[in-house]
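# A closer look at the structure
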Amino acid sequence: MNVLVVNCGSSSVKFQVIATDKESIAKDSDRRLARGIVERVGSLSLITFSAEGRPPHKDEAPLKDHRAAVDRIIRWLVSEQARIPGVSRLADIHAVGHRVVHGGERFKASTFIDAKVVAGIEDCVELAPLHNPANLKGIRAARELFGSGVPQVAVFDTAFHSAMPETAYLYGIPYQLYRRHKIRRYGFHGTSHRYVAYRYRRMLGLAKDKVDVISVHLGNGCSACAIKKGVSVNTSMGFTPLEGLLMGTRSGDIDASIVEYLSLKEGMSLSEIDGLLNKQSGLLGLSGLTGDMRDLLAEVADNRDRRAGLAIDIFCARVRRYIGAYFADMGGAQAVLFTGGIGENSPEIRRRVCAGLDCLGLKLDARRNETLKDGGLGAITKPSSALKAYVIPTDEELLIARDACRVVSGLPLPG
Ligand code: ADP
């Protein structure tokens, strides 16, 4: 089955086409037929499309909204120019899988999209005002353009964390606020954490319930996840993606009293403070330069910039702290799994995170750590290391395609 995977952001639409079925899932042999991105939706959009094994096709076009972007993607997919094997007309796309950021307490697994599910995702807009509206635009566009004959499936970032125990998801605020407003920790990046745990168990030939790992997704957004017996039991993002690790532009954990203090001292409104904590903090706020880790590392290497160095130190210390906390939370773990743009590509950051973890039995193999980047996958610890570490490039799209295939074909979803 050819699944179109759609990931809509506020001004972008990313997609992949993945050929998958029951057999390819079992054999781990699904095929990626095409991928691409439309950026700057709403103005002169930048288009980058590529079919398997061929150089990318770049273009510019005024695409006024997400519908226009999805329309453009579909027309390219079936075009002569794309020449995707097995895809020459709309009917060759058999299902659409959508990334949806927030499923609230309602959606605990991937689900077939009907009018009720659309309404349910709309109900979660309050919880994810920046993300769910864009996801809904993608869903509506695909439903309109493909018609009712092509099934659509929603795959939620929050779903993997939906089995977290109350001890992990409740905040220490009056309980009725949870009951009344569903203020609790939800966690995000769930599909990524789920994928790296899956890839780890395939690599080692383990049963799912034998997987006790701590996964750290370090990209522009960052989160850690405690995975016990293959299930998320804790994660560092909370009610929103703001909580937890230090990120490119997000502060991560702070004392909530700072909010009122800031409003008094700086005369800022609540929404300005929210913007400050989400968009002007983290690596960017501390360094005063950039939220991009690669650029910060270059700044330290080339110019010995003190605050860039400080931002990186705080970033690494916070990752280490969460690994330690989850190690204790879980009563021990087999491995730390690094993923995301930073986790996959920066030996330096991995080295600095792992440097304090010898107390947990982690012995880094410096040479292996240096060589693993640019899509490489494997262990970065010595064979004698009690706590192992691995680099595992994430692949959320693959799980979205597989879940869409399972839902559409009536196959059971992995628990
Ligand atoms: P997103 O969370 O938006 O998907 P990514 O997972 O692509 O983002 O991660 C982006 C981050 O990864 C940026 O901070 C970028 O600088 C960092 N990054 C990418 N490659 C490297 C590298 N070789 N060394 C250090 N950081 C890198």
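So, here is what we can say about the structure in this document. Please read all numbers here as calculations on a predicted model, not as lab measurements.

## Things to note about the pairing of strand β11 (residues 231–235)
- Bridge analysis of strand β10 (residues 222–228) against β11 gives 4 bridges, and the strand direction is antiparallel. Within the sheet, the bridge partner assigned to Lys228 lies in β11 and is Val231.

## Focus: the packing of aromatic side chains
- Counted according to the given criterion, the structure contains 10 aromatic pairs.
- Ring geometry for Phe49 and Trp76: centres 4.7 Å apart, planes at 40°, overall tilted. Of the two residues, Phe49 sits in strand β4 (residues 44–51) while Trp76 sits in helix α2 (residues 66–77), which places them 27 residues apart along the sequence.
- Its relative accessible area of 0% is what places Phe49 among the buried residues.
- Each ring, one from Tyr186 and one from Phe239, has its centre 6.3 Å from the other, and the planes form 40°; the classification is tilted. Placement of Tyr186 in the loop between α6 (175–181) and α7 (190–204) and of Phe239 in the loop between β11 and α8 (257–266) is noted, with a sequence separation of 53 residues between them.

## Overview of the packing of helix α3 (residues 115–123) against helix α4 (residues 132–146)
- At their nearest, the axes of α3 and α4 sit 10 Å apart, and the two run at 160° to each other. Classified by the angle between their axes, α3 and α4 sit roughly antiparallel to one another. When the axes of α3 and α4 are compared, the crossing they make is left-handed. Along its contact with α3, which presents Ala115, Val118, Ile121 and Glu122, the element α4 presents Asn132, Leu136, Ile139, Arg140 and Arg143.
- Its residues assigned to classes, the contact of α3 with α4 shows 5 nonpolar, 1 polar and 3 charged.

## A look at the pairing of strand β3 (residues 31–39)
- Note: strand β2 (residues 13–19) against β3, 7 bridges, orientation antiparallel. Looking at β3, one finds that Ala19 is bridged to Arg31.
- Sheet topology note: the β3/β4 ladder contains 6 bridges and is antiparallel. Bridging from a neighbouring strand, Glu39 pairs with Leu46 of β4.

## Quick word on the sheet that holds strand β5 (residues 57–62)
- Strand order in the open sheet made by the 8 strands is β5-β4-β3-β2-β1-β6-β8-β7, with mixed pairing throughout. If you trace the sheet from one side to the other, it starts and ends with β5 and β7 (111–112), each paired once.
- Judged from the 2 bridges that link them, β7 and strand β8 (residues 152–156) form a sheet pairing that is antiparallel. Bridging from a neighbouring strand, Phe112 pairs with Val153 of β8.
- Strands in contact with α2 are β1 (2–8), β2, β3, β4 and β5; relative to β2, the strand with the most contacts, it is inclined by about 35°.

About the thresholds
Residues numbered from 1 in each chain as written. Predicted model: local features only at pLDDT ≥ 70, side-chain atom pairs only at ≥ 80, totals over all residues. Heavy atoms only, no water. Pairing = 2+ DSSP bridges. Helix = DSSP H or I, 4+ residues; strand = E, 2+ residues; numbered from the N terminus. Phe/Tyr/Trp six-rings, centres within 6.5 Å; stacked < 30°, edge-to-face > 60°. Buried < 20%, exposed > 50% of the residue type's maximum accessible area, 1.4 Å probe, protein only. Axes fitted to C-alpha atoms, helices over the stretch in contact; angles between N-to-C directions. Parallel < 35°, antiparallel > 145°, perpendicular 65-115°, else oblique. Left-handed = near helix turned anticlockwise from the far one by under 90°. Contact = heavy atoms within 4.5 Å. Nonpolar A, V, L, I, M, F, W, Y, C, P; charged D, E, K, R; others polar.

Purely spatial values, then, with no claim about function.
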